[in-house]
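Below, each chain spelled out in residue letters.
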Amino acid sequence: LAQSDHFFQAKKKHEAEQTFSLNAIKNAEKKYRSLFENAMEGIFQVDLSGQLVNANRAFAQIVGCEDIDLLLAQPHTAFSLACLSDSEQKKFKAILERDDALSGFETSIKLASNEIRWVSISIQKIFSKNTMPMHYEGAIADITETKKRQQAEKHQRMAQASTEAKSLRSEEHT
């Protein structure tokens, strides 16, 4: 009887520990799922053949798609991320075939609305513990406003240089 009682107490303790562990795992999963879904930057996964297999809402918004499930269900050219032009896709794929990671790949993309956006893409190959390649994970950021600001600053410098050159020429003629 004492042995039976000890067994049931140990079983209850084990079940309580198991419940606690499962709740901790569920909470961690919720936390990381929220991080993924609510990130400002687009986060994505690509399989080894170059197909987009997972992405968050920010990714979909950056590439001009409202429905992430629809975006993932559509067939796309390998390593195009559902947004790269043919020439940029070829460059992107060639770099990934040569290197296991790529950081700050800047390119422009054309949305279905014909809007042009500039993006910066970083991606790396993910390996298993036994060093077998599993898939790619990456992030995409909309850098359109930064590019527009840089372009405006460049035009301003050029205009200023032109004005200074005209001023110097007019001083030479006087």
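Residues numbered from 1 in each chain as written. Predicted model: local features only at pLDDT ≥ 70, side-chain atom pairs only at ≥ 80, totals over all residues. Heavy atoms only, no water.

**Details of the overall build of the chain**
Thought 1: For the chain, the count of helices and strands is 5 helices and 5 strands.
Thought 2: Walking the chain from its N terminus toward its C terminus, one meets helices and strands in the order α-β-β-α-α-α-β-β-β-α.
Thought 3: Over its C-alpha atoms the chain spans a radius of gyration of 26 Å, topping by over 25% the 16 Å that the globule rule assigns to 174 residues.
Thought 4: Once the C-alpha set of the chain is aligned to its principal axes, its extents read approximately 115 × 35 × 35 Å.
Thought 5: Looking at the chain as a whole, 27% of its 174 residues are labelled buried.
Thought 6: The contacts in the chain between residues at least 6 apart in sequence include a share of 38% that link residues at least 24 apart. (Helix = DSSP H or I, 4+ residues; strand = E, 2+ residues; numbered from the N terminus. Rg over C-alpha atoms; globule rule 2.2 N^0.38 Å. Buried < 20%, exposed > 50% of the residue type's maximum accessible area, 1.4 Å probe, protein only. Contact = heavy atoms within 4.5 Å.)

**With respect to the pairing of strand β3 (residues 101-110)**
Thought 1: When β3 meets strand β4 (residues 116-127), the two strands line up antiparallel, connected through 8 bridges. Within the sheet, the bridge partner assigned to Ser 108 lies in β4 and is Trp 118. (Pairing = 2+ DSSP bridges.)

**Some words on the environment of Asp 69**
Thought 1: Relative to the elements of secondary structure, Asp 69 occurs in helix α3 (residues 68-73).
Thought 2: Take Asp 69: its relative accessible area is 57%, and that puts it in the exposed class.
Thought 3: Between the C-alpha atoms of Asp 69 and Arg 149, which are 80 residues apart in sequence, the distance is 33 Å.

**Brief notes about the sheet that holds strand β1 (residues 42-47)**
Thought 1: Read across the sheet, 5 strands follow the order β2-β1-β5-β4-β3 without closing on themselves; strand pairing throughout is antiparallel. Edge positions in the sheet fall to β2 (52-55) and β3, since each has one partner strand and no second. Averaged over all adjacent pairs, the angle separating strand axes in this sheet is 25 degrees, with direction ignored.
Thought 2: Sheet strands touched by helix α4 (residues 86-98): β3, β4 and β5 (133-142). Its angle to β3, the strand with the most contacts, is close to 175 degrees. (Axes fitted to C-alpha atoms, helices over the stretch in contact; angles between N-to-C directions.)

**A few points about the pairing of β1**
Thought 1: Side chains of β1 alternate between two faces, with Gly 42, Phe 44 and Val 46 buried and Ile 43, Gln 45 and Asp 47 left unburied.
Thought 2: Bridging between β1 and β5 involves 6 bridges; their strand directions are antiparallel. When the sheet's bridge partners are listed, Ile 43 is paired in β5 with Ala 139.
Thought 3: The pairing of β1 with β2 spans 3 bridges and is classified as antiparallel.

**Brief notes about the side chain of Arg 117**
Thought 1: Position of Arg 117 relative to the elements: it lies in strand β4.
Thought 2: Among the polar contacts made by the side chain of Arg 117, one reaches the side chain of Glu 115 at a distance of 3.2 Å.
Thought 3: Discounting residues that sit within four places of it in the chain, Arg 117 has contacts with Gln 61, Ile 62, Val 63, Gly 64, Thr 107, Ser 108, Ile 109, Leu 111, Asp 142 and Thr 144. (Polar contact = N/O pair within 3.5 Å; in protein donor to acceptor, adjacent residues only side chain to side chain.)

**A word on the pattern of salt bridges**
When their charged atoms lie close together, side chains carrying opposite charge are able to pair.
Thought 1: Considering all chains together, one arrives at 8 salt bridges under this definition.
Thought 2: Ionic pairing is found between Glu 88 and Lys 91, a salt bridge with its closest N-O pair at 2.6 Å. Taken together, the residues Glu 88 and Lys 91, both in helix α4 and 3 residues apart, mark about one turn of the helix.
Thought 3: The partner of Glu 106 in a salt bridge is Lys 147, with the nearest N and O atoms 3.0 Å apart. On the criterion of sequence distance, the pair formed by Glu 106 in strand β3 and Lys 147 in helix α5 (residues 144-172) is long-range, its members being 41 residues apart.
Thought 4: We classify Glu 106 as partly exposed; its relative accessible area is 43%.
Thought 5: Several salt bridges converge on common partners, so that one network encompasses Glu 115, Arg 117 and Asp 142. (Salt bridge = Lys/Arg side-chain N within 4 Å of Asp/Glu carboxyl O.)

**Concerning the nonpolar core**
Thought 1: Counting 28 residues, the largest nonpolar core has Phe 44, Phe 59, Leu 81, Phe 92, Ile 121 and Ile 140 as the members making the most contacts within it.
Thought 2: Those elements that provide at least two residues to this core are β1, β2, α2 (57-62), α3, α4, β3, β4 and β5.
Thought 3: Every residue in contact with Phe 59, bar those within four places of it in the chain, is listed here: Gly 42, Ile 43, Phe 44, Leu 52, Ile 68, Leu 71, Leu 81 and Ile 140. (Core = buried A, V, L, I, M, F, W, Y, C linked by side-chain atoms within 4.5 Å.)

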